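# Notes for the structure review
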Amino acid sequence: MAKAHFQDQIRRNNVLSFFFLILAFILTGGFIWVITVAFGYDPFFMLIIASTISIIITFISYTNSSRIALASARAYPAEGAKFTVLNNLVEGLSMAAGIPKPKVYVMPSKEINAFAAGTKPDKSVVCVTEGALETLTKYELEGVIAHELSHIKHYDIRYITIVTVVVGLVAIVSQIMLRSLFWGGIGGRRGGKNGGGDFLLIIIGILLAILAPIVLRIVYFAISRKREYMADAGSVQLTRNPKGLINALKKIEDFYTTKRQTKIDKSVAPMYISDPHKIIKKAFSTHPATEDRIKALEKM
Amino acid sequence: MIGIIILGILVILVVLFFIGYYNRIVVLENRIDNAGSQIDVQLKKRADLVPNLINTVKGYAKHEKELLENITKARASVVNAKNLEEKAKAGNELQKTLKSLFAVAENYPQLRANENFLHLQHELSGIEDKVAYARQHYNDSVLSFNNIVEKFPSNLVAGMMKKDGKKYLEIPQEDKVVPKVSF
């Protein structure tokens, strides 16, 4: 696993992003189509409106993704003598990774966590929490930052950005459809063809609208967990010191199991080094269990 | 007819293969140059900080004349080094002398309280890390380059381009101590 070349990974990320967009388009288009047909509207017209709106929203969120992520974390730029060590670490590790130095931000929170965002290496940011700076030793911090830099180097950040935006968008669209269905159902159907056949279509539409975001999320999470192992491997490749990341992961796990609180928004959780939300269902977790990650690291 | 088509396809494949490897080799070689210049930048930064450091230390530690002279000498050989290999070696030497200076500084409480000295110490230890990272990237880049130059069939293209494997940068002795990792 650690041997996989990062060029291959970049290619895989691009292909996966593409297929994910296609899948999202088919699923969303599918339920919009079914529901509009069920109501007797012109499905083409609705589809054109829906896709125009989605493309605009996707584009805006995509180009502003790092700003959105930083804003949701209330992060401030790491400037001044206080953050010399942090800036030096990021600069040095970017050198080792052969990428331009990303902008460094700090999130005012006692939690121990970090994330990377952006669409490509020369437009990327790394953000760590104040808690991580206080609690982690230099080697642990090095492991964490190297993990984030591998996400940047492998273009994981772009993939995660696309997916986060699309999953959010599909969820919104399906909500709107379900709601309009509800109101439409009460107000009586205008121009509806008449009973019977429509009922089945409406049921299918509702099912699709409910299932689409769930299917997308499961597909996404399955791929996302694999990516974390790759970034862990990439981190060790940069630091040549698995112990640092192992200890950092232990401390993070420890923090979230004892404190059980987080300010990190669920929608941006996939971007972080460790998912703060203790979600029990494995299929819905963005990150592999910390023990599994540590086991894989110890084998290196 | 079929024979000509097959021949044509084969020729196109060979040309594509050649172009692909040719470009790959060029990219990898440029990456080594870029990595080398990154090391260079850090070494130069360090050399620039040294005179300032010596001036600061002079006032407090009058008995360390010999050590300061050694540092000045080591710095001069970094500045005068002609190629990257020499420069890196001289840089390692300078690193060593600086380390002993910071060790000696423990004996001068007033020096340790000097803000300028502390700032320089931080700066220099940051540079030390960066030199190590940059050297790692350099050696990683050399590894990818050497792989493509030596592996079949890319070695055929490399032979035509008259490219040979490159040398790795030496890692200073004390860095070679493998960190003790116990699981």
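These numbers come from a predicted model, not from an experiment. (Residues numbered from 1 in each chain as written. Chains lettered and ligands numbered in written order. Predicted model: local features only at pLDDT ≥ 70, side-chain atom pairs only at ≥ 80, totals over all residues. Heavy atoms only, no water.)

## Re the overall build of chain A
Within chain A, the regular secondary structure consists of ten helices and four strands. Starting at the N terminus and ending at the C terminus, chain A contains elements arranged as α-α-α-β-α-β-β-β-α-α-α-α-α-α. Considering chain A as a whole, with its 300 residues, one finds that 50% of them fall into the buried category. Contacts in chain A between residues far apart in sequence, at least 24 positions, make up 72% of those at least 6 positions apart. Total accessible area on chain A stands at roughly 14,600 Å², and carbon and sulfur atoms take up 65% of it. (Helix = DSSP H or I, 4+ residues; strand = E, 2+ residues; numbered from the N terminus. Buried < 20%, exposed > 50% of the residue type's maximum accessible area, 1.4 Å probe, protein only. Contact = heavy atoms within 4.5 Å. Areas by Shrake-Rupley, 256 points an atom, 1.4 Å probe, with all protein chains shown as cover.)

## A short note on helix α3 (residues 65-72) of chain A
In an α-helix, one full turn covers 3.6 residues, which means residues spaced three or four apart are oriented alike. All names here are of chain A. Turning to α3, its buried residues number three or more, namely Ser65, Ser66, Ala69 and Leu70. The arc that holds every buried residue of α3, seen down its axis, measures 130°, which confines them to one face. Exposed positions of α3 whose direction lies more than 90 degrees from the buried face are Arg67 and Ala71. A positive backbone phi angle near 55° is found at Arg74, which sits one or two residues after α3. (Arc of directions from axis to C-beta.)

## Quick look at the nonpolar core
In terms of nonpolar packing, the biggest core is built from 73 residues, with Phe20, Leu86, Leu93, Phe115, Ile145 and Leu149 of chain A touching the most fellow members. It is helix α7 (residues 156-187) of chain A that contributes the most residues to this core, ten residues altogether. (Core = buried A, V, L, I, M, F, W, Y, C linked by side-chain atoms within 4.5 Å.)

## Remarks on the sheet that holds strand β1 (residues 76-77) of chain A
Paired through their backbone hydrogen bonds, the strands of a sheet run either parallel or antiparallel. Residues and elements named next belong to chain A. Overall, mixed pairing links the four strands, which are arranged β1-β2-β4-β3 in an open sheet. Pairing within the sheet leaves two strands with one partner each, and these edge strands are β1 and β3 (114-118). Running at roughly 150° to β3, α3 makes contact with β2 (103-107), β3 and β4 (124-129) of the sheet. (Pairing = 2+ DSSP bridges. Axes fitted to C-alpha atoms, helices over the stretch in contact; angles between N-to-C directions.)

## Considering the interface of chain A and chain B
Listed per partner, the contact involves 19 residues of chain A and 16 residues of chain B. Interface area, chain A with chain B, both sides summed: about 1,500 Å², of which 52% is carbon and sulfur. Where chain A touches chain B, the interface holds three salt bridges. Residue Asp140 of chain B pairs with Arg240 of chain A through a salt bridge whose shortest N-O separation is 3.0 Å. In this structure, the connection of chain A to chain B is made through eight residue pairs in polar contact (both at pLDDT 80 or more). Of all elements in the fold, only α4 (84-97), α6 (138-153), α8 (197-239) and α9 (242-259) of chain A reach the threshold of two or more residues within the side of chain A that touches chain B. (Buried area = accessible area lost by both parts, 1.4 Å probe. Salt bridge = Lys/Arg side-chain N within 4 Å of Asp/Glu carboxyl O. Polar contact = N/O pair within 3.5 Å; in protein donor to acceptor, adjacent residues only side chain to side chain.)

## With respect to the side chain of His137 of chain B
Mapped onto the elements of the fold, His137 of chain B is located in helix α5 (residues 115-150). Assessed through its relative accessible area of 6%, His137 of chain B is described here as buried. With near-sequence residues (within four places) excluded, His137 of chain B lies in contact with Met95, Ala96, Ala97 and Gly98 of chain A together with Arg31, Ala35 and Gln38 of chain B.

## Focus: the pairing of β3 of chain A
Residue and element names in this part refer to chain A. With five of its five residues buried, β3 lies for the most part within the structure. In β3, alternate side chains face the same way, and those of Ala114, Ala116 and Gly118 on one face and Phe115 and Ala117 on the other are all buried. With five bridges connecting them, β3 and β4 associate as antiparallel partners. The residue bridging Ala116 from the neighbouring strand is Val126, located in β4.

## Some thoughts on the confidence of the model for chain A
Residue and element names in this part refer to chain A. Across chain A, the average pLDDT comes to 78, with 84% of residues at 70 or higher. For chain A, per-element mean pLDDT is lowest for α7, which scores 73, and highest for β2, which scores 95. The low-confidence segment residues 186-196, where pLDDT is below 50, has twelve contacts with residues more than four positions distant or belonging to other chains. Confidence over residues 279-283 falls short of pLDDT 50; this stretch has six contacts with residues more than four positions distant or in other chains. (pLDDT = per-residue confidence, 0-100.)

## Considering the pairing of β2 of chain A
All names here are of chain A. Across the five residues that make up β2, a large majority, four, are buried. Sheet topology places β1 next to β2; two bridges connect them, and they run antiparallel. For Pro77, the partnering residue across the bridge sits in β2 and is Tyr105. Alignment of β2 against β4, held across five bridges, turns out to be parallel. From the neighbouring strand, Tyr105 faces β4, where its bridge partner is Cys127.

## Some thoughts on the confidence of the model for chain B
Close inspection of predicted coordinates is inappropriate for parts of the model with low pLDDT. All names here are of chain B. Chain-level statistics for chain B give a pLDDT mean of 86 and a share of 94% at 70 or above. Within chain B, the element-level pLDDT minimum falls on helix α4 (residues 109-113), averaging 84, and the maximum on helix α1 (residues 2-60), averaging 90. Complex prediction metrics read pTM 0.76 and ipTM 0.71.

## Re the packing of helix α3 (residues 84-104) of chain B against α5 of chain B
All names here are of chain B. Contact geometry of α3 with α5 gives a least axis separation of 12 Å together with a crossing angle of 145°. Note on packing geometry: the crossing formed by α3 with α5 is left-handed. Judged by residue contacts, Leu84, Asn92, Gln95, Leu98, Lys99 and Phe102 of α3 engage Phe117, Gln121, Leu124, Glu128, Arg135 and Tyr138 from α5. Of the residues in the contact of α3 with α5, the class split is six nonpolar, three polar and three charged. (Left-handed = near helix turned anticlockwise from the far one by under 90°. Nonpolar A, V, L, I, M, F, W, Y, C, P; charged D, E, K, R; others polar.)

## Description of unusual backbone geometry
Cis peptide bonds are those with omega within 30 degrees of zero, and the linkage from Phe152 of chain B to Pro153 of chain B qualifies with 5°. Following the sequence through the fold, Pro153 of chain B ends up in the loop between α5 and α6 (154-160). Notably, Arg74 of chain A is not glycine yet its phi reads approximately 55°, a positive angle. As for its position among the elements, Arg74 of chain A is in the loop between α3 and β1. Residue Tyr155 of chain A is not a glycine yet carries a positive backbone phi of 60°. Among the structural elements, Tyr155 of chain A can be located in the loop between α6 and α7.

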